[in-house]
Amino acid sequence: MKRRNFVASTGMALAGISVINASVFYPLSSKNNIIKIGIIGTGNRGGGLIPIINKINGLQVVACCDLLPFRLKSAIKKVDGKAKSYSDYRKLLDDKNIDAVLIATPFSEHYTIALDSIYAGKHIYCEKTLVKGYDRIKNLVNISNQSTNIFQTGHQY
């Protein structure tokens, strides 16, 4: 099964369950049980997951961030212009309306962005490999375990 099909299938199943009683399955305090997501890194991975997220009830992409204007413009089109755009991920993290972030930046940036996201109180899905280096992995896991927020990492292929 291809990764995108898996993400879409399991995500839709989880979203369906969460609609029944979001407080039991997913401890978010969003209004109307909508999980508002910010995409950090809108290249192949982040931009490729936006259409899948758009199909999942209970999830809404409300912000996109990328340093490259053409990628950011493309991502905003994928949500019909209904998301804020940022060129600095820290500004996205400052937005209190965002519940969770999907980190799909180059691998070298995951550690810093993930830490900043934890400290900003966001739930996190970190695409690709977690971070580079055992010490960074160990530190990120320890800090994440001290948080009450959800931290999920994906793996390529």
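Please refer to the structure higher up on the page.
Residues numbered from 1 in each chain as written. Predicted model: local features only at pLDDT ≥ 70, side-chain atom pairs only at ≥ 80, totals over all residues. Heavy atoms only, no water.

## Overview of the pattern of salt bridges
To be explicit about the condition: Any carboxyl oxygen of Asp or Glu within 4 Å of a side-chain nitrogen of Lys or Arg constitutes a salt bridge here. Elements are defined by DSSP. Helices are runs of H or I of four residues or more, strands are runs of E of two residues or more, and each kind is numbered from the N terminus.
Applying the stated criterion across every chain yields a total of 2 salt bridges. A salt bridge links Lys84 to Asp95; the shortest N-O distance between them is 3.3 Å. Of this pair, Lys84 sits in strand β3 (residues 84-86) while Asp95 is found in the loop between α5 (89-94) and β4 (100-103), placing the two residues 11 residues apart along the sequence. A salt bridge links Asp88 to Arg90; the shortest N-O distance between them is 3.1 Å.

## What to know about the sheet that holds β4
Hydrogen bonding along the main chain pairs the strands of a sheet, whether they run parallel or antiparallel. Put simply, the rule reads: Whether two strands pair depends on DSSP finding at least two bridges between them. Orientation is described by axes fitted as lines to C-alpha atoms, over the contacting stretch for helices, and by angles from 0 to 180 degrees between their N-to-C directions. Between two residues, a contact is recorded if the distance between any of their heavy atoms is within 4.5 Å.
With respect to topology, 6 strands assemble into an open sheet ordered β3-β2-β1-β4-β5-β6, the strand pairing being parallel. Looking along the sheet, the strands with just one partner apiece sit at the ends: β3 and β6 (151-153). In this sheet, neighbouring strand axes are inclined to one another by 25° on average, regardless of whether the strands run parallel or antiparallel. Relative to β6, strand β5 (residues 123-126) is paired through 3 bridges, and the arrangement is parallel. Its bridge partner being in β6, Tyr125 is matched across the sheet by Gln152. Across the sheet, helix α6 (residues 110-119) touches β1 (35-40), β4, β5 and β6, and the angle it forms with β4 is around 180°.

## Side note on the environment of Ile50
With respect to the element layout, Ile50 can be found in helix α3 (residues 44-54). Here the alpha-carbon distance between Ile50 and Gln60, two residues 10 residues apart in the chain, equals 9.3 Å. If sequence neighbours within four positions are ignored, Ile50 has contacts with Ile39, Val61, Cys64, Ala75, Lys78 and Val79.

## Some thoughts on α3
This is how the line gets drawn: The buried label applies to any residue whose accessible area, calculated with a 1.4 Å probe on protein chains only, is under 20% of its type's maximum; exposed applies above 50%, and partly exposed to all values in between.
Most of α3 is tucked away, with 8 of its 11 residues classed as buried. Arg45, Gly46, Gly47, Gly48, Leu49, Ile50, Ile52 and Ile53 are the residues of α3 that are buried.

## Some details on the pairing of β5
Formally: A crossover counts as right-handed when, viewed with the strands pointing away from the observer, the path leading from the first strand over the helix to the second turns clockwise.
Strand direction decides the pairing type here: β4 and β5, joined by 4 bridges, are parallel. Bridge assignment links Ala100 to a residue of β5, and that residue is His123. On the question of chirality, the crossover connecting β4 to the parallel β5 by way of α6 is right-handed. Each parallel crossover has a hand, and for β5 linked through helix α7 (residues 134-146) to β6 it is right-handed.

## Focus on helix α4 (residues 69-78)
Selection criterion: The arc in question is the one traced by the directions running from the helix axis out to the C-beta atoms.
When α4 is considered as a whole, its buried residues turn out to be Leu72, Ala75 and Ile76. Summarising the axial view, the buried residues of α4 lie within an arc of 100°, below the 170-degree limit, and thus occupy one face. Opposite the packed face of α4, turned more than 90 degrees from it, sit the exposed residues Phe70, Lys73 and Lys77. At its buried positions, α4 is contacted by α3, β2 (59-65) and β3. Remark: Asp80 follows α4 within two positions and exhibits a positive phi of approximately 55°.

## A short note on the nonpolar core
Spelled out, the test is: Buried Ala, Val, Leu, Ile, Met, Phe, Trp, Tyr and Cys residues form a nonpolar core when they are joined through side-chain atoms within 4.5 Å.
Ranked by internal contacts, the top residues of the largest apolar core, which has 22 residues, are Ile40, Leu92, Val101, Ile103 and Leu140. Residue contributions to this core peak at 5 residues, all from α6. Setting aside its immediate chain neighbours within four residues, Leu92 contacts Gly38, Ile39, Ile40, Ala63, Cys64, Cys65, Tyr86, Ile98 and Val101. If you look at the next biggest cluster of nonpolar residues, it comprises 18 residues, including Ile50, Ile52, Cys64 and Ala83.

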